[in-house]
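Here is what each chain is made of, one letter per residue.
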Amino acid sequence: MVQQREGERGQSEKSRRRSVEIAAFLAGLVATLAFFAFFPGLPHVIDWGAIVVSLLVAALARWACRRWAERGNRESPRP
């Protein structure tokens, strides 16, 4: 019974972590595309270079979010 609860808690935590990582990826993607679209002085065209850079920034945001969550889990174990 206790193992089942721990398994449910672990799956719930994994699901929450996955949704947070997706949100971080989308936030990085949208923020970078918005930067390229609206920043003065840049051509206001979203080309392939801007899309590739946006995907890289989004992947970096997802990675940073994952590392931050892992660090938080190591420092403060839950009862």
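Quick caveat: nothing in here was measured; it's all calculated off a predicted structure.

Trainee: Explain the pattern of salt bridges here, please?
Mentor: Pairs can form between side chains of opposite charge whenever their charged atoms are close. Scanning the model with the defined rule gives four salt bridges in all. Linking E13 and R17 is a salt bridge whose minimum nitrogen-to-oxygen distance equals 3.0 Å. With E13 and R17 both in helix α1 (residues 2–38) and four residues apart, the pair spans about one turn of that helix. Taking the shortest distance from any N to any O, the salt bridge between E21 and R62 comes out at 3.2 Å. With a gap of 41 residues between them, E21 in helix α1 and R62 in helix α2 (residues 48–75) connect regions that are remote in the sequence. Accessibility expressed as a relative area gives 4% for E21, which makes it buried. Judged by its relative accessible area of 25%, R62 falls in the partly exposed class.

Trainee: Please clarify how the environment of A58 should be interpreted in this entry.
Mentor: On the secondary structure map, A58 appears in helix α2. Along the backbone, A58 and G28 are 30 residues apart, and their C-alpha atoms lie at a distance of 4.2 Å. Excluding anything up to four places from it in sequence, A58 contacts F25, G28 and L29.

Rules used throughout
Residues numbered from 1 in each chain as written. Predicted model: local features only at pLDDT ≥ 70, side-chain atom pairs only at ≥ 80, totals over all residues. Heavy atoms only, no water. Salt bridge = Lys/Arg side-chain N within 4 Å of Asp/Glu carboxyl O. Helix = DSSP H or I, 4+ residues; strand = E, 2+ residues; numbered from the N terminus. Buried < 20%, exposed > 50% of the residue type's maximum accessible area, 1.4 Å probe, protein only. Contact = heavy atoms within 4.5 Å.

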